[in-house]
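# Chains, contacts and geometry: an overview
Listed below are the residues making up each chain.
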Amino acid sequence: MSTVRIDKWLWAVRIYKTRSDAAEACRINKVLINDSYTKPSREVKPGDIVSVKKLPVIYSYRVLEIVSSRQPAKNVPLYAENITPQSELDKLLIPKETIFIQRPRGMGRPTKKERREIDSLMNELYLDDEE
């Protein structure tokens, strides 16, 4: 097998959870092969560069091998090489600018004291906006 459909390959190397998700991404121009938009039926071959837009990052992969069946996660590096530039990956680390206090995951709801601090912060922000 020298070629395979792009939607099938994206699903097989675990870039998308389902093949229909991969096909939909192709239809709405979130997938590029060698810098050109593609249809789900477009065939991919070894050496192609596949770019996938998953906001806020545009991931890039080099096709190493053709595969048409879903692969275990440990085998994915045999079929696709992640060549996403570090500048794109850094976009994931940019903290979202919000007025909410960042809490470590799993810390639960704020305590009564923390809630009062949050409320006072919110009141200060609203009072500053009115002036």
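This section reports on the structure supplied with the text. (Residues numbered from 1 in each chain as written. Predicted model: local features only at pLDDT ≥ 70, side-chain atom pairs only at ≥ 80, totals over all residues. Heavy atoms only, no water.)

### Regarding the sheet that holds strand E7 (residues 80–82)
Convention followed: Strands are labelled as partners when DSSP assigns at least two bridges between them. Only DSSP runs of H or I with at least four residues qualify as helices, and only runs of E with at least two residues qualify as strands; both kinds are numbered from the N terminus onward.
With respect to topology, five strands assemble into an open sheet ordered E3-E2-E5-E6-E7, the strand pairing being antiparallel. In this open sheet, the two strands that pair with only one neighbour each are strand E3 (36–37) and E7. Alignment of strand E2 (residues 31–33) against E3, held across two bridges, turns out to be antiparallel. Following the sheet pairing, Leu32 is matched in E3 by Tyr37.

### Focus on unusual backbone geometry
Following Leu55, the chain continues into Pro56 via a peptide bond in cis, with omega recorded as 5°. Looking at the element boundaries, Pro56 is found in the loop between strand E5 (49–54) and strand E6 (57–63). Phi at Arg14 takes a positive value of approximately 65°, unusual for a residue other than glycine. Within the secondary structure, Arg14 sits in the loop between helix H1 (6–12) and helix H2 (19–27). Unusually for a residue other than glycine, Asn29 sits at a positive phi of about 60°. Tracing the backbone through its elements, the reader meets Asn29 in the loop between H2 and E2.

### Let's talk about the nonpolar core
For clarity, the threshold we go by: Among buried residues, those of type Ala, Val, Leu, Ile, Met, Phe, Trp, Tyr and Cys that are joined through side-chain atoms within 4.5 Å constitute a nonpolar core. Exposure is judged per residue with a 1.4 Å probe applied to protein chains only, and the accessible area is read against the type maximum: over 50% gives exposed, under 20% gives buried, and values in between give partly exposed. Residues are treated as being in contact if the distance between any of their heavy atoms lies within 4.5 Å.
Ranked by internal contacts, the top residues of the largest apolar core, which has 25 residues, are Ile6, Trp9, Leu10 and Val50. Elements represented by at least two residues in this core include exactly H1, H2, E2, E5 and E6. Leaving out residues up to four positions away in the same chain, Val50 has contacts with Ile6, Trp9, Leu10, Val31, Leu32, Ile33, Val44, Tyr59, Ser60, Tyr61 and Val63.

### So, the environment of Ile6
As for its position among the elements, Ile6 is in helix H1. Distance from Ile6 to Ala23, taken between C-alpha atoms, is 8.2 Å for residues 17 residues apart in sequence. Once you skip the residues sitting within four places of it in the chain, Ile6 turns out to touch Cys26, Val31, Ile33, Thr38, Lys39, Pro40, Arg42, Val44 and Val50.

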